[in-house]
Amino acid sequence: MMNRKMKKWFRKDAAAALLFLLPSGIGFAMFYLIPFGMGVMYSFQDNAVNGQFVGLTNYRDLMTSDSFRKAAIHTFYFTALSVPLMIALSLGLALLLNKNVYLRKGLRTAYVLPLVVPTVSIILIWQVLLDWNGSLNAWLSAFSFERVDWMKSDAARIAVIVVFMWKNIGYNMILFLAGLQQIPNDYYETAAIEGAGRMRMFSSITLVYLTPTMFFVVLMSIINSFKVFRETYLVAGDYPHDSIYMLQHYMNNMFMSLDIQKLTAAATIMAVCILFIVLALYAIERRFRQSME
C-alpha cells in the first residue's frame, strides 16, 4: 500500500515537473533544435530552396577549401592556447581571493564587472587601446619602443586572447571560489599536522575536491572559446588578420554570400567537434572519479 502511494506521488511530481519544463522545452526546440536540424538537412542538399540530396559533396568541398582549413586550424589553436592559460589564471586568482587579502571584496567585484557590462561598450575601449594611434602604442612610444599594429599583424592573436581572457576570467574565478569554499578546512589542518607541504595539499586536496568544478569550468571555457567571434568582429572588423580568421568568420562570410550549404556544413562540423570534446571530457572526468574511489 505504501509503495503504491509513493509511486503515485512520484508520478504526480514528475508530471508537475514536466509541466513546468514544457514552455522552456518548446522554446528550446523552436529556436535551437529545429533550426539546427534544418541546418543539418541543408548541408546535404545543393540548394536551400527545393534542393536535391547531394550526400557529402558540401563537406568534401569544405575539406578542400583553403579558407575553411585555415579557419579551423586557427580556431583550434586559439582554444588550445587560451583555455589552459585562462584556467590557470582564474584558479590562481580564486586561490588568492579565497584568503583574507587586502581589498578582497573590491577585487572580486572588479573581476566580475566584465560580465555585467555590455560587450559592445567595452570593445570601444579596447579599440582605443589597440589602435595604431591608440593609448597602448602611445605608452610604447613614451618608453622608446616601436609601435605595434596590434590588429593587423601576428600580434592580433595575442590581443584577442587578452580580450577573451579579460571577458571570461571573472566567471571562472567565481566558480572556482564556490568550489574552494566547499572544501572543509579540517582537511588542510590535518595535512599540515602530518607535515604535508603546500604543493602536496594543493595536489592531493584542492585539485581532487575541485574536480567537478574544474570539469565544468573547462567545458564552459572551451564552449566560450568557440564564441569569440563577437569580440574579434567588433575589434578587428569584417576582414581581420589571418591569424585571427576563425570558423565564425568563415561562416559569416558564407552567410554574406548566401552560400547556405557551406555555412550549414561548417556549422555541423563545429557542432560535432564540440560534442566530441564534451563527451571526451565526460569520459575523462568519469575515469578520474572511479580512480579516486
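On a predicted model such as this, the values are computed, not experimentally measured, just so you know.

Participant: What's the story with the overall build of the protein chain in this structure? I'm lost.
Facilitator: Regarding its fold elements, the protein chain presents 13 helices and 0 strands. For 293 residues, the compact-globule formula gives about 19 Å, and the C-alpha radius of gyration of the protein chain, at 24 Å, lies well above that figure. For the C-alpha atoms alone, the extent of the protein chain along its principal axes is close to 75 × 65 × 35 Å. Each of the 293 residues in the protein chain was classed as buried or not, and the buried ones make up 34%. Relative to all contacts within the protein chain whose residues are 6 or more apart in sequence, the contacts with residues 24 or more apart total 68%. Of the roughly 18600 Å² that the protein chain leaves accessible, carbon and sulfur atoms contribute 66%. Taken as two groups, the 25 positive and 17 negative side-chain charges of the protein chain have centres that lie 14 Å from each other.

Participant: Teacher, can you tell me more about the confidence of the model for the protein chain here?
Facilitator: One rule of thumb: low pLDDT means the predicted coordinates there are not for detailed reading. Across the protein chain, the average pLDDT comes to 81, with 92% of residues at 70 or higher. Considering each helix and strand of the protein chain separately, the mean pLDDT is smallest for helix H4 (residues 104-116), with a value of 73, and largest for helix H3 (residues 66-97), with 88.

Participant: I'm lost on the pattern of salt bridges in this one. Help?
Facilitator: Oppositely charged side chains may form a pair once their charged atoms are brought near each other. Enumeration according to the criterion identifies 2 salt bridges in this entry. The shortest N-O distance in the salt bridge between Arg69 and Asp66 comes to 2.5 Å. Of this pair, Arg69 and Asp66 both sit in helix H3, 3 residues apart, roughly one helical turn. Given the relative accessible area of 56%, Asp66 is considered exposed. The shortest N-O distance in the salt bridge between Asp242 and Lys70 comes to 3.3 Å. Note that Asp242 is positioned in the loop between helix H11 (229-236) and helix H12 (247-256) and Lys70 in helix H3, a separation of 172 residues in sequence.

Participant: In this structure, what is going on with a nonpolar patch on the surface? I would like to understand it.
Facilitator: Taken together, the side chains of Leu19, Leu22, Ile26, Phe28, Met30, Phe31, Tyr32, Leu33, Ile34, Met38 and Met41 make up a nonpolar region of the molecular surface, amounting to roughly 1200 Å² of accessible area. Here Met30 shows up in helix H1 (residues 2-42).

Participant: Would you take a moment to explain the packing of aromatic side chains for this structure?
Facilitator: Aromatic ring pairs are described here by two measures, namely the spacing of the ring centres and the angle between the planes. For the structure on display, the rule yields 8 aromatic pairs. With centroids separated by 5.3 Å and ring planes inclined at 25°, the aromatic side chains of Phe28 and Tyr32 adopt a geometry described as stacked. Here Phe28 and its partner Tyr32 are both found in helix H1, 4 residues apart, which amounts to about one turn of the helix. Of the residues examined, Phe28 reaches a relative accessible area of 46% and is grouped as partly exposed. Taking relative accessible area as the criterion, Tyr32 reaches 55% and is therefore assigned exposed. Pairwise contacts between aromatic rings join Phe44, Phe53 and Tyr59 into one cluster. Residue placement shows Lys70 over the ring face of Tyr245; its charged tip is 5.0 Å from the ring centre.

Participant: Please clarify how the environment of Thr64 should be interpreted in this entry.
Facilitator: Here Thr64 shows up in the loop between helix H2 (57-63) and H3. Among the residues examined, Thr64 registers a relative accessible area of 58% and is labelled exposed. Separated by 206 residues in sequence, Thr64 and Met270 have C-alpha atoms that sit 16 Å apart.

What counts and what doesn't
- Residues numbered from 1 in each chain as written.
- Predicted model: local features only at pLDDT ≥ 70, side-chain atom pairs only at ≥ 80, totals over all residues.
- Heavy atoms only, no water.
- Helix = DSSP H or I, 4+ residues; strand = E, 2+ residues; numbered from the N terminus.
- Rg over C-alpha atoms; globule rule 2.2 N^0.38 Å.
- Buried < 20%, exposed > 50% of the residue type's maximum accessible area, 1.4 Å probe, protein only.
- Contact = heavy atoms within 4.5 Å.
- Areas by Shrake-Rupley, 256 points an atom, 1.4 Å probe, with all protein chains shown as cover.
- Lys, Arg positive; Asp, Glu negative; His and termini not counted.
- Charge placed at Lys NZ, Arg CZ, Asp CG, Glu CD.
- pLDDT = per-residue confidence, 0-100.
- Salt bridge = Lys/Arg side-chain N within 4 Å of Asp/Glu carboxyl O.
- Patch = residues over 30% accessible without salt bridge, like charges linked within 9 Å, V, L, I, M, F, W, Y side chains within 5 Å.
- Phe/Tyr/Trp six-rings, centres within 6.5 Å; stacked < 30°, edge-to-face > 60°.
- Lys NZ or Arg CZ within 6 Å of the ring centre and 35° of its normal.

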